[in-house]
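Here are the chains, one letter per residue:
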Amino acid sequence: MLTNLDTDLLRTFVAIAEEGGFTSAALRIYRTQSAVSQQMRRLEETLGVPLFEKVGRQRKLSQAGQNLLSYARQIIALNDQAVMMVNASEESGEVRIGAPHDIADSILPGFLSTFAQTNPRVHVVLKVDRSPNLMPLLEDGRLDMTLTTRHSERFEGKLLRSSPTVWIASSWLSLDANQPVPLVLADSPSIFRRMALNALEQRGVAHIERYTCPTLSGIQVALSAGLGVTARTPELITQDLRILGEREGLPPLPDINFYIYRRNGDLSPAASTLFDQICAEQR
């Protein structure tokens, strides 16, 4: 007779494998370490084989544990997909959402993936642009909601998260302490432009604007070409870029806030669902 595996036990098992230990896994799944150990004893009893072996003071996956890992991930994924599809909404219609490039690349994919699976009949229109261009579209009702770096009291919304702002340059760019700092910046209005210039001016650091571009892709090209440094969130970092700081004579930068706002007036049921989902997942 085949054994049925408990998905809760498998989730804990995968967390241990991915976090590298029982203690870290316990923090990730909000359980005590003793509860995690107890779950693994139950899983080993169910399977009848040891899933871990001691290596020094640490416990590593045994060969049986390594064999189980890929299947555990597949079982969890199929379980979650089945639950989402059974509970999929019958709502249809259109949702119009705006997002700056930074958020569209980092925050938004997870939200849209979950929403698409539970609302397969809803048409999502995504407008990726700079925050100063998105807020007027929200005001005019051409967007149902937008993620933005701009704080506003005119719309219902929420602070999603705060991220550090860092100096970024090509991995091979070397700054000359005797020369002005070469800058790669977006044109006005740009909150990152303002942050960079204010920080340098307050510290009295000489600087010169070498490259100006309204798009994030253009800024990335200029950075990769070694034309200068910019101020942005760490999400911009790629293999050919690096973070600079005090050691290179650059002042610290303030954190950046990311908000979500919905347009004034009634939203469609689908738009309300997505807005509430994004707000709820950031609690």
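Within each chain, residues carry numbers counting from 1 in the order of the written sequence. Given that the model is predicted, a residue must reach a pLDDT of at least 70 before its local features are reported, and side-chain atom pairs must reach 80 or more before they are shown or counted; all residues, however, enter totals for whole chains, interfaces and linings. The side-chain values count all of the structure's non-hydrogen atoms but skip hydrogen atoms and water molecules.

A. Just the side chain of threonine 146, in detail. Summarising the element assignment, threonine 146 is placed in strand S5 (residues 145–148). Relative accessibility under 20% of the residue-type maximum defines a buried residue, over 50% an exposed one, and the middle range a partly exposed one, all with a 1.4 Å probe and only protein chains included. Accessibility expressed as a relative area gives 0% for threonine 146, which makes it buried. Polar contacts here mean pairs of N or O atoms no more than 3.5 Å apart (in protein, one a potential hydrogen donor and the other a potential acceptor; neighbouring residues in sequence count only if both atoms are side-chain atoms). Polar side-chain contacts of threonine 146 include one of 3.2 Å to the backbone oxygen of glycine 98. Note on contacts: a residue pair is in contact if any heavy atoms of the two residues lie within 4.5 Å. If sequence neighbours within four positions are ignored, threonine 146 has contacts with Gly98, Ala99, Leu134, Met135, Leu138, Tyr259, Ile260 and Tyr261. A run of H or I in DSSP counts as a helix once it spans at least four residues, and a run of E counts as a strand once it spans at least two, with each numbered from the N terminus.

B. View of the pattern of salt bridges. We define a salt bridge as a contact between a side-chain nitrogen of Lys or Arg and a carboxyl oxygen of Asp or Glu at a distance within 4 Å. Throughout the structure, instances matching the rule amount to 12 salt bridges. For glutamate 18, the salt bridge is made with arginine 73, and the minimal N-O distance between the two is 3.3 Å. In this pair, glutamate 18 is assigned in helix H1 (residues 7–19) and arginine 73 in helix H4 (residues 63–86), connecting sequence segments 55 residues apart. Residue glutamate 18 is classed as partly exposed on the basis of its relative accessible area of 40%. Of the charged contacts, one joins aspartate 140 and arginine 142 as a salt bridge, the two residues approaching to 2.8 Å between their closest N and O atoms.

C. The arrangement of the nonpolar core in detail. One finds Val95, Ile97, Met145, Leu147, Ile260, Leu274 and Ile278 to be the most contacted residues of the largest nonpolar core, which totals 26 residues. Put simply, the parts of the chain that give this core at least two residues each are strand S3 (93–99), helix H5 (101–106), helix H6 (108–118), S5, helix H8 (191–203), strand S12 (256–262) and helix H10 (269–281). At six residues, H10 tops the list of elements feeding residues into this core. Of all hydrophobic cores here, the second largest spans 19 residues; its members include Ile16, Ala26, Met40 and Leu43. For the purposes of this section, nonpolar cores are sets of buried Ala, Val, Leu, Ile, Met, Phe, Trp, Tyr and Cys residues that join through side-chain atoms within 4.5 Å.

D. Highlighting the side chain of serine 170. In this structure, serine 170 sits in strand S7 (residues 166–170). A distance of 2.8 Å separates the side chain of serine 170 from the side chain of tryptophan 172, its partner in a polar contact.

E. Highlighting H8. Counted at 1.5 Å a residue, the expected span for H8 with its 13 residues is 18 Å, and the 18 Å between its end C-alpha atoms agrees. Every buried residue belonging to H8 is among Ile191, Phe192, Arg193, Met195, Ala196, Leu197, Ala199 and Leu200, and all of these are buried. For H8, the secondary structure elements touched by its buried residues are H5, S7, strand S8 (181–185), strand S9 (207–212), strand S10 (230–232) and S12. After H8 finishes, the residue glycine 204 shows a positive phi value of roughly 75°. Helix span, as expected, comes to 1.5 Å for every residue beyond the first.

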